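# Summary of structural features
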Amino acid sequence: MVENEGRVALVTGGNRGIGAACAAALAASGDRVAVASRGGEAPDGMLGVRMDVTSADSVDKAFSEVEAALGPVEIVVSNAGIVRDTLMLMMSEDSFRDVVDTNLLGAYRVAKRASRSMIRRRNGRLIFISSVVGLSGGPGQSNYAASKAGLVGFARSLARELGGRGITSNVIAPGPIRTDMTDALTDTQREFLVAATPAGRMGDPAEVAAAVVFLASQGAAYVNGAVIPVDGGAGMGH
Ligand code: NDP
């Protein structure tokens, strides 16, 4: 069902995986969607822009490009993320820094740029893709879990700062989802994740996208500072 009238949405890391599913679902519900990535191709019918979330300049240029082509961005799905898994004792500072720089500082750069026009228009939806691991922790993922936990405090702070301006700021915490990121795991690692998930399976990117469409909808105007798990029960509501 097409319910929106061409609101402008931008999805970081929207060229593949969870981001691509979010972009497709928003487009299907009537939004005009731009997808941002470092090098990937945009799906048909969507505007593709180059953006490296580790650079404020790159984020700014990509937003300007979207604004020129489609108009002010009203919905942001901050989805770009990386992993550099290893046990903490083996983890280099560079690996910790890279993950935080992309997953947490990247979300800050994007939200800061996006909120400018949202504040002026007194309307906006900031949606951050965190992870169940940000709340429960994960062996070999201290950098990733720290970055994803950081998103919760960040988003909730924005909910308090911007809630009075018609802007909501919410977090989705997916469990294990079938994408390139989890394809890189070993079978044993995937079996471990599925065993910890009451649903007994990995999730589909479209299942995360459904929650994004809800948070972006008019019906979610009074949902702010929430963390919505889409994890097959792995986090038991946390
Ligand atoms: P993928 O590895 O399939 O895709 C990652 C996306 O992020 C790509 O589009 C990639 O773009 C983009 N990206 C990475 N670094 C940057 C950067 N510096 N600037 C711009 N874009 C960047 O991951 P998933 O689809 O699996 O994950 C999407 C999000 O969901 C991530 O934040 C991840 O942490 C989170 N998540 C994933 C889970 C899973 O099980 N898959 C579970 C919980 C959370 P490019 O093509 O340019 O590399």
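Residues numbered from 1 in each chain as written. Predicted model: local features only at pLDDT ≥ 70, side-chain atom pairs only at ≥ 80, totals over all residues.

Here the focus is the overall build of the chain. Scanning the chain for helices and strands turns up eight helices and seven strands. Taking 18 Å as the expected radius of gyration for a compact globule of 238 residues, we find that the chain reaches 17 Å, a close match to that expectation. Expressed along its principal axes, the backbone C-alpha trace of the chain runs to roughly 45 × 35 × 35 Å. Within the chain, the proportion of its 238 residues that are buried is 46%. Summarising the internal contacts of the chain: among those between residues at least 6 apart in sequence, 69% fall at separations of at least 24. (Helix = DSSP H or I, 4+ residues; strand = E, 2+ residues; numbered from the N terminus. Rg over C-alpha atoms; globule rule 2.2 N^0.38 Å. Buried ≥ 20, exposed ≤ 12 C-beta atoms within 10 Å, placed from the backbone. Contact = placed C-beta atoms within 7 Å.)

With that out of the way, let us pick up the UniProt feature "domain: Ketoreductase" (unreviewed entry) in the chain. UniProt's entry tags residues 7-180 with the feature "domain: Ketoreductase" (unreviewed entry), counted in the numbering of this structure. When the span residues 7-180 is considered, its composition is 48% helix and 19% strand, and the gap between its end C-alpha atoms is 29 Å. (UniProt positions renumbered as here; feature names shortened; annotations may be inferred.)

Here we take up the confidence of the model for the chain. When pLDDT is averaged along the chain, the result is 96, and 98% of the positions lie at 70 or above. Across the interface, the model reports ipTM at 0.99; the global pTM reads 0.98. (pLDDT = per-residue confidence, 0-100.)

With that settled, the discussion passes to the pairing of strand S1 (residues 8-12). For S1, the buried fraction is high: five of the five residues fall into the buried class. Burial along S1 is two-sided: the face carrying Val8, Leu10 and Thr12 and the face carrying Ala9 and Val11 are both buried. Of the crossover connections in this fold, the one passing from S1 over helix H1 (residues 17-28) to the parallel strand S2 (residues 32-37) is right-handed. (Right-handed = clockwise from strand over helix to strand, strands pointing away.)

What the seven strands build is an open sheet, ordered S3-S2-S1-S4-S5-S6-S7; its pairing is parallel. Each edge of the open sheet is held by one strand with a lone partner, namely strand S3 (47-50) and strand S7 (227-230). Across the sheet, the mean angle from the axis of one strand to that of its neighbour is 20°, orientation sign disregarded. In terms of strand pairing, S1 meets S2 through five bridges, oriented parallel. If you follow Leu10 over to S2, its bridge partner there is Ala34. (Pairing = 2+ DSSP bridges. Axes fitted to C-alpha atoms, helices over the stretch in contact; angles between N-to-C directions.)

It is worth spelling out the environment of Lys112 at this point. Among the structural elements, Lys112 can be located in helix H3 (residues 93-121). Judged by the 13 C-beta atoms lying within 10 Å of it, Lys112 falls in the partly exposed class. Taking the C-alpha atoms as reference, Lys112 lies 9.5 Å from Ala56; in sequence the two are 56 residues apart.

Let's shift gears to the nonpolar core. Grouped together as the largest cluster of nonpolar side chains are 67 residues, with contacts concentrated most on Cys22, Ala23, Leu26, Val76, Ile172, Val208 and Val212. Examining the composition of this core, we find that nine residues originate from one element, H1, more than from any other. (Core = buried A, V, L, I, M, F, W, Y, C linked by C-beta atoms within 7 Å.)

For the rest of this paragraph, the subject is the site of the ligand. Neighbouring the ligand are 29 residues, the closest being Gly13, Gly17, Arg38, Gly81 and Thr179. Contributions of two or more residues to the shell around the ligand are made by H1 and helix H6 (180-183). Partitioning the shell around the ligand into residue classes produces 10 nonpolar, 15 polar and four charged. (Near = placed C-beta within 6 Å. Nonpolar A, V, L, I, M, F, W, Y, C, P; charged D, E, K, R; others polar.)

Here we come to the packing of helix H2 (residues 56-70) against H3. It is at 10 Å that the axes of H2 and H3 come closest, and there the two elements cross at 40°. The angle between H2 and H3 places the two elements in the oblique class. With respect to the hand of their crossing, H2 and H3 are arranged in right-handed fashion. Counting all contacts with H2, which are made through Ala56, Val59, Asp60 and Phe63, the residues of H3 involved are Arg109, Val110, Arg113 and Ala114. Considering only residue class, the contact of H2 with H3 consists of five nonpolar, no polar and three charged. (Parallel < 35°, antiparallel > 145°, perpendicular 65-115°, else oblique. Left-handed = near helix turned anticlockwise from the far one by under 90°.)

As for its placement among the helices and strands, Ala146 is situated in helix H5 (residues 142-162). A count of 17 C-beta atoms within 10 Å places Ala146 in the partly exposed class. Along the backbone, Ala146 and Gly71 are 75 residues apart, and their C-alpha atoms lie at a distance of 34 Å.

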